[in-house]
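Examination of the molecular architecture
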Amino acid sequence: MYWFLLFLGVVAVWLLVLALLARRIWRQAKALTRELGAAQSKLEDAQSEARSARAAEDARIRA
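Residues numbered from 1 in each chain as written. Predicted model: local features only at pLDDT ≥ 70, side-chain atom pairs only at ≥ 80, totals over all residues. Heavy atoms only, no water.

1. Thoughts on the overall build of the protein
Rules: What counts as a helix is a DSSP run of H or I of at least four residues, what counts as a strand is a run of E of at least two, and both are numbered from the N terminus. The globule rule is 2.2 Å times the number of residues to the power 0.38, and the radius of gyration it is compared with is taken over C-alpha atoms. Categorising residues by exposure relies on relative accessible area from a 1.4 Å probe, with only protein chains included: less than 20% of the type maximum marks a residue as buried, more than 50% marks it as exposed, and the intermediate range marks it as partly exposed. We score Asp and Glu as negative and Lys and Arg as positive, and we do not count His or the chain ends. Charge coordinates come from a single atom per side chain, which is NZ of Lys, CZ of Arg, CG of Asp or CD of Glu.
Summing up its helical and strand segments, the protein has 1 helix and 0 strands in all. For a compact globule of 63 residues, the expected C-alpha radius of gyration is about 11 Å, and the protein comes in at 27 Å, more than 25% above that figure. In terms of its C-alpha atoms, the protein occupies a principal-axis envelope of roughly 90 × 10 × 5 Å. For the protein, the residues scored as buried account for 0% of the 63 residues in total. One way to put it: in the protein the 10 positive side-chain charges average out to a point 13 Å from where the 6 negative ones average out.

Written out as structure tokens, the structure reads:
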């Protein structure tokens, strides 16, 4: 009986450790996803701005 309780205690500790690691990984994944979204938005804004500048320059050259 003692060994069974010891086994249950070890299993409980391992489950707690795994849960804490999973929570940490989840938080890091959420933060990275948020940063990726912000970077992608900045990239799209820069590309849009570059297209606008190029279109304005083309229009100026044609005129």
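2. Regarding a positive patch on the surface
This is how it is decided: A residue counts toward a patch only above 30% relative accessible area and without a salt bridge, and it is joined to like-charged neighbours within 9 Å or, for Val, Leu, Ile, Met, Phe, Trp and Tyr, to nonpolar neighbours within 5 Å. Each accessible area is a Shrake-Rupley result for a 1.4 Å probe, and residues are judged covered by the shown protein chains and nothing else. When a carboxyl oxygen of Asp or Glu is within 4 Å of a side-chain nitrogen of Lys or Arg, the pair counts as a salt bridge.
There is a patch of like positive charges on the surface, built from Arg23, Arg27, Lys30 and Arg34. Mapped onto the elements, Arg34 comes out in helix α1 (residues 2-62).

3. Digging into the environment of Ala46
Tracing the chain through its elements places Ala46 in helix α1. Once the C-alpha coordinates of Ala46 and Ala31 are considered, the two residues, 15 residues apart in sequence, prove to be 23 Å apart.

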